[in-house]
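Structural overview
Each chain, written out:
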Amino acid sequence: MYAHLNALVLADYLGADVMLPPSVYRESFSKYFSMDLKKNEVKWTPADTGALLDVEAIQAHYAQKGMKIYKTAPYDSFPDCMHPQDAFPRYTMPAIHKDQIVRLGDTYLQSMHTWYIWDRAAEKILAKHKELLAAGYPPNTTIVLDLPCPFLSIMTLTCMEAAQEAATALKFNRTIVQMARTVINGMKQAGVARYNGAHLRLEKDAVDWARILGGFEKYLAEYARQFAAAGFSRRKDLYIASGLLSYNASKEMKDMLKFLEPHSRSVQYKELYLSHDMLHHLNPEQEALIDFLVLANSDNFVGLGSSTFSVYLREYRVLLGHARLADVFVDTSRIGTDALFERCTHFAPLDTTAVSSWHKPSR
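Below you will find a few notes about this structure.

What counts, and where the lines are drawn
- Residues numbered from 1 in each chain as written.
- Predicted model: local features only at pLDDT ≥ 70, side-chain atom pairs only at ≥ 80, totals over all residues.
- Heavy atoms only, no water.
- Axes fitted to C-alpha atoms, helices over the stretch in contact; angles between N-to-C directions.
- Helix = DSSP H or I, 4+ residues; strand = E, 2+ residues; numbered from the N terminus.
- Parallel < 35°, antiparallel > 145°, perpendicular 65-115°, else oblique.
- Left-handed = near helix turned anticlockwise from the far one by under 90°.
- Contact = heavy atoms within 4.5 Å.
- Nonpolar A, V, L, I, M, F, W, Y, C, P; charged D, E, K, R; others polar.
- Salt bridge = Lys/Arg side-chain N within 4 Å of Asp/Glu carboxyl O.
- Buried < 20%, exposed > 50% of the residue type's maximum accessible area, 1.4 Å probe, protein only.

Brief notes about the packing of helix α5 (residues 174-189) against helix α10 (residues 284-295)
- Two numbers describe how α5 lies on α10: the axes approach to 9 Å, and their chain directions differ by 50°. With respect to α10, the axis of α5 lies oblique. As for how α5 packs across α10, the hand of that crossing is right-handed. Contacts between α5 and α10 pair I176, V177, M179, A180, V183, I184 and M187 from the former with Q286, L289, I290, L293 and V294 from the latter.
- Classifying every residue of the contact of α5 with α10 by side-chain character gives eleven nonpolar, one polar and no charged.

A short note on the pattern of salt bridges
- Going through the model one piece at a time under the given rule, you end up with 17 salt bridges.
- One salt bridge in this structure joins D54 and R174, with 2.6 Å as the shortest N-O distance. Of this pair, D54 sits in the loop between β3 (44-47) and α2 (55-63) while R174 sits in helix α5, placing them 120 residues apart in sequence.
- For K65, the salt bridge is made with E165, and the minimal N-O distance between the two is 3.0 Å. With K65 in the loop between α2 and β4 (69-70) and E165 in helix α4 (residues 160-169), this residue pair connects regions lying 100 residues apart in the sequence.
- According to the relative accessible area criterion, E165 is buried, its value standing at 17%.
- Here the residues in one salt-bridge network are D12, K65 and E165, joined through shared partners.

Pasting the structure below:
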């Protein structure tokens, strides 16, 4: 979502239309992830933009500002997502000549001040405009600013109003939203009206995080410490987001449920309320979005400091009216993402007790 948010912010500042970045998903949480290509098992696959987002709702929002939002176009070829800094999309755009395209590189994880990336983009666009005029193109010729993955490219602390608007405008796929409501309603019928929430990154693709933090036992101990800090106890039910059941890691799931016993009255998860037939056609990111939406309604939340799922959820929960102090994170400072995330992941009010004055995003 941060790639889409950054694209919308930059387009807003430039006064440009925007083609939404592609949606991608990993084939499974059961694959080992490493930046060492010889060890990496994870493969990324493109998906329709609407797999996660309600594109029509986003288009309607920005139409009020005179901006056009386009669904991701078909690809000539899909870029290599293991090298996101060079992953320029290769769209099929019959109406656009290659002369009309100008590339803006060095965006991935660059955490640039809004006006710095605006200045870089404007300089590229003006230079291309002059080039096209000299070549005999009409003055109103469309220019396409092509970016590789814009994930965490903008320091959102320098554009909080635009970032909040983009996050509010990013409505989610209606089918996924309905599935999340099915889970919430199912829990209510089972007597679970209020609950705590946790994002547990215990899947195979995250084993290096546990290793960096001192091993699996220390990793779990840190989760337990933060559960206590968030007030988790046997008096309240706990909803968990975990990819373990998405690849039938039954033993690991059983061990996790035992670990959670002292911290909850019961452990809830989407597979208790959604059938295999409902879930099997979803990709892992869509399944994660169901968890995201259910966790957005939890009273208190424990997440992982190095996970963009956790930090985006924290910000989203503040927009919905939760206080920041309701969310506690496992300390992952040793992983080295804290400074980057502090600059680039905020889009909701920073007051730790603030309840958002924004209208609640329709979900």
